[in-house]
Amino acid sequence: MRPSPTLLCRLDELPDGESRGFDPLGAGQDSVFVVRRGQRLYGYRDQCPHYGDTPMAWRRHAYLDAARDHIVCAAHGALFRIADGACVRGPCLGQSLAPVRLVVEDGCVYLVQ
Ligand code: FES
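Residues numbered from 1 in each chain as written. Predicted model: local features only at pLDDT ≥ 70, side-chain atom pairs only at ≥ 80, totals over all residues. Heavy atoms only, no water.

Draft legend 1. Structural detail: the environment of V104. Residue position: V104 is located in strand β8 (residues 101–105). Taking relative accessible area as the criterion, V104 reaches 43% and is therefore assigned partly exposed. Note: C-alpha distance between V104 and C9 (95 residues apart in sequence) is 9.9 Å. In this view, V104 contacts L11, L41 and V109; residues no more than four positions away in its chain are not counted. (Helix = DSSP H or I, 4+ residues; strand = E, 2+ residues; numbered from the N terminus. Buried < 20%, exposed > 50% of the residue type's maximum accessible area, 1.4 Å probe, protein only. Contact = heavy atoms within 4.5 Å.)

The following block contains the structure:
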């Protein structure tokens, strides 16, 4: 079966250096998030590997640390590299966020499931 892309937003709705959560399943809670660095996008499931279903953000769209150079889990402070989701500090050191596949087409960002 061919993967079906789900529209997340327009690319220009993702400011450079920022993060944003999405609820593509309409579950009432964000289940994926995207970090933009220049023209590159990094998408992950909104689930901390420390506890499998723990959402990461301390408030909506707030997935980055104060320096904005790592993803942070609000629950116990684990830090993750933006580029590959690897935990570099905290209780799940050595584990990684689960990446999601994103496609940008005609100025829009799609999640491919
Ligand atoms: S649940 Fe994320 S660091 Fe503990």
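Past the structure itself, the notes keep going.
Draft legend 2. Local environment of the state of the cysteines. Scanning the model with the defined rule gives zero disulfides in all. In this structure C87 is not part of a disulfide, and its nearest cysteine sulfur, from C92, lies 3.7 Å away. On the basis of relative accessibility, which here comes to 5%, the residue C87 falls in the buried class. We classify C92 as buried; its relative accessible area is 0%. (Disulfide = S-S within 2.5 Å.)

Draft legend 3. Structural detail: the pairing of strand β4 (residues 40–45). Of the pairings in the sheet, the one linking strand β3 (residues 32–37) to β4 comprises six bridges and is antiparallel in character. Across the sheet, the residue bridging to V34 is G43, located in β4. The antiparallel pairing of β3 with β4 creates a hairpin that spans two residues between the two strands, and G38 there sits at a positive phi of about 65°. (Pairing = 2+ DSSP bridges.)

Draft legend 4. Representation of the packing of aromatic side chains within the structure. Here the structure, examined in full by the defined rule, presents two aromatic pairs. Here F33 and Y44 contribute two aromatic rings whose centre-to-centre distance is 5.9 Å and whose plane-to-plane angle is 40°, an arrangement assigned as tilted. Pair noted here: F33 is in strand β3 and Y44 is in strand β4, with a separation of 11 residues, a long-range link. Given a relative accessible area of 3%, Y44 falls into the buried group. Plain terms: the ring middles of F33 and Y63 are 4.2 Å apart, the flat faces sit at 10° to each other, and that makes the pair stacked. Highlighted residues: F33 in strand β3 and Y63 in the loop between β4 and β5 (71–72), separated in sequence by 30 residues. As far as the burial class goes, F33 and Y63 line up, both buried. An aromatic cluster is built from F33, Y44 and Y63, whose rings are joined through pairwise contacts. (Phe/Tyr/Trp six-rings, centres within 6.5 Å; stacked < 30°, edge-to-face > 60°.)

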